[in-house]
Amino acid sequence: MARKSAVSKAIYTRHIRLYRYLNDAWIFTSLLRPELKTRADKLQTSKSKAKKPYPVPKRKGTVTSRRRDEDIGLIFYAQHERGVFETNIVSMVSRVGASASFTVS
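Criteria and thresholds
- Residues numbered from 1 in each chain as written.
- Predicted model: local features only at pLDDT ≥ 70, side-chain atom pairs only at ≥ 80, totals over all residues.
- Heavy atoms only, no water.
- Salt bridge = Lys/Arg side-chain N within 4 Å of Asp/Glu carboxyl O.
- Helix = DSSP H or I, 4+ residues; strand = E, 2+ residues; numbered from the N terminus.
- Buried < 20%, exposed > 50% of the residue type's maximum accessible area, 1.4 Å probe, protein only.

Colleague: I would appreciate a short explanation of the pattern of salt bridges in the present structure.
Modeller: Enumeration according to the criterion identifies five salt bridges in this entry. The partner of Lys37 in a salt bridge is Asp41, with the nearest N and O atoms 3.0 Å apart. Separated by four residues within a single helix, Lys37 and Asp41 lie in helix α1 (residues 6–44), roughly one turn from each other. What makes Lys37 partly exposed here is its relative accessible area of 29%. Judged by its relative accessible area of 34%, Asp41 is partly exposed. Across the salt bridge formed by Arg82 and Glu86, the nearest N and O atoms sit 2.9 Å from each other. Residue Arg82 and its partner Glu86 are located together in helix α2 (residues 69–100), separated by four residues, close to a single helical turn. We classify Glu86 as partly exposed; its relative accessible area is 40%. The network of salt bridges with common partners includes Arg68, Glu70 and Asp71.

Below, the structure written as C-alpha cells:
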C-alpha cells in the first residue's frame, strides 16, 4: 500500500520511529537487567566495610555521599527488580506524549 498523502507519510514515519524506539528500549532493558543482577550480587557479597564516596546532587552542585558496597548492591538489586522498568516506562510515556503533538507541513 503506497502512502500518497503528506499526512499519511508523516504519520507512518513517526509510527516507525516510535516503534523502533520502543523496541530499542526493550532490547536495552533486556541486556541491562542481567548486568545489574551480576553487579548487585558482587557488591552485596563484598567483605569491604569501607564507605566509598559517590557524588550526589545538591542545590548548588554536588556533595559526596559515602556508602558501603553492600548498600550500593541493594541499589543495583532494586534497579534490577523494578527500577529499570519504571524508568523506561516513564521515558517511553514521555516520548509517546511528545510524539503525539506534531504538525505536518
